[in-house]
Amino acid sequence: MNKKLTIYSDTFIWIKKPKGLIYNSQNGHYLLFQPTSEIESICKYLNNFDNLYSIIFDDETLNSETQKFMQNIEERHLGILTNVEANIVSLPPLLNILNAVEKLKADKSRSESENILKYFSALTVYTGGKCANTNYYKQTFYPCNSNEVLTSETIINFLDNIQSQYLNSINIVFSDILNYSDAQVLIDYLESLQIPTTIYVHYTEIMINNRFLDKLRNNNLTVKIICEIDKDLQNILLFCKNESYHYNFLIKNEEEYNILEEMIENLQIKKYTVIPVFDNNLQFFEEHVFVNESDILATKLSKREIFAHQALNTNFWGALTVLPDGKVYSNLHNESVGTINDSIYDLILNEFHNNYSWRLIRNQKPCCDCIYQWLCPSPSNYEFVIGRMNLCNYYNMQK
Ligand code: SF4
């Protein structure tokens, strides 16, 4: 008997042999399957846009495996089986975004250049100065040790030149705020911008004396204290008890996590983020940071989020970072896109032309061969620091 299968328009069909996955982005339901040749040709037919995500078939001519596959699709709410006359219209979810790079190459007019400002939304500035010498700043907000220091005047000039209504997040990471001249001038300026701004300071700055607290107490900026787990931390947290700071706790192993958990409980800390840092602790990352197949399938992603994974990097998109030597990066693990003396348009254009990070997607091995290519989070700084492009336990188990 002839029947019609129509896949819902929020449902994606992916085949990466030897696996196939049908995923409904509206309800998170899915079907993992082995693509036999019959099932594979049905999927190819469905993914052809001209076929309106429907296929008419004779139930009795399908083999039993394919019949089960068709039933599973309906039972898991990925599509619907009807008689052939049913008038149900659906379209495969296809990414259809404006190719900004091609458009920019074709149209070099000023108005088009100005348009690209809307892609730049977050700026991070590392002031520089003397502090602990680690590369943690390439993984998360952490002071950057350097001889050079970006003065408040230089930072203010750079921000003055940007003049963009689309910039909606500024981060200033101090390395040595106690010796940073004109910190108050910079903080007053940042307040006047009325752009959400976060000031990052390492907790050891608070240990020395509390001049830093005085500098920041009377403003509306968000203050985040970067903390590492050591014997002094509890005293600092007690000292800051009445301040409305947010704490970024960096942890490297389970032991640190357990100490931290107890401290948070005892001191009733409410505003905090726990951030794993990679420091030759691969086993800790494998056990607690890397994703497993069950984590991936338990995360419900909307159509919009899947499209985002296919087109751009959701961690890096729109962000630029300035290091103390004045070089500007879209990603600290790659070449710079220019310096603070370049125009913001040129900096953004350089990123678009070189694609150091904003459009870094999972199109490299092993992810390009993996069925979860577009469900996994975009590549992050951890991939660069660890030196492998997949932060998962799944792929290793498949080998
Ligand atoms: S190989 Fe890549 S896409 Fe596949 S599960 Fe691992 S990180 Fe995700």
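Everything numeric here is computed off the predicted structure, so don't read it as measured data.

*Asks:* I'm lost on empty space enclosed by the protein in this one. Help?
*Replies:* Any empty space left between atoms is shown by rolling a water-sized probe over those atoms. This model, assessed by the stated rule, comprises one cavity of 30 Å³ or more. Surrounding the largest cavity, His-309, Leu-312, Leu-360, Ile-361, Arg-362, Gln-373, Trp-374, Cys-376, Pro-377, Ser-378 and Pro-379 form its lining. Here the lining of the largest cavity is built from residues that sort into seven nonpolar, three polar and one charged.

*Asks:* Please explain the layout of surface pockets as it appears in this structure.
*Replies:* Space inside the largest pocket adds up to approximately 620 Å³. Lining the largest pocket are 22 residues, and of these Gln-139, Phe-141, Asn-315, Phe-316 and Asn-381 lie nearest its centre. Mapped by element, the contributors of at least two residues to the lining of the largest pocket are strand 7 (122-128), strand 8 (169-174), strand 13 (319-322) and helix 15 (381-386). Looking at side-chain class alone, the lining of the largest pocket contains ten nonpolar, eleven polar and one charged residues. Taken as a whole, the second largest pocket spans an internal volume of roughly 260 Å³. Val-291, Arg-362, Pro-377, Glu-383 and Leu-391 are, among the 22 residues lining the second largest pocket, the residues nearest its centre. Broken down by secondary-structure element, the contributors of at least two residues to the lining of the second largest pocket are helix 15 and helix 16 (394-398). Partitioned by chemical class, the residues of the lining of the second largest pocket number 15 nonpolar, five polar and two charged.

Cut-offs and rules
Along each chain, residue indices are assigned from 1 in the same order as the chain's sequence is written. Only residues with pLDDT of 70 or above have their local features reported here, since the model is predicted, and side-chain atom pairs are shown and tallied only from 80 upward, although totals for entire chains, interfaces and linings are computed over all residues. Excluding hydrogens and water, the side-chain figures rest on all heavy atoms present in the structure. Both site types are read off a 1 Å grid over the protein atoms alone. A 1.4 Å probe that fits but cannot get out defines a cavity, while an open set with protein on both sides within 12 Å along at least five of seven lines defines a pocket; lining residues have an atom within 4 Å of a point. Grid points are joined across faces, edges and corners, and a volume is the space filled by probe spheres set on the points. Only Asp, Glu, Lys and Arg are considered charged in this grouping, and only Ala, Val, Leu, Ile, Met, Phe, Trp, Tyr, Cys and Pro are considered nonpolar; every other residue, Gly among them, is considered polar. Numbering goes from the N terminus for both helices and strands, where a helix is a DSSP run of H or I of at least four residues and a strand is a run of E of at least two.

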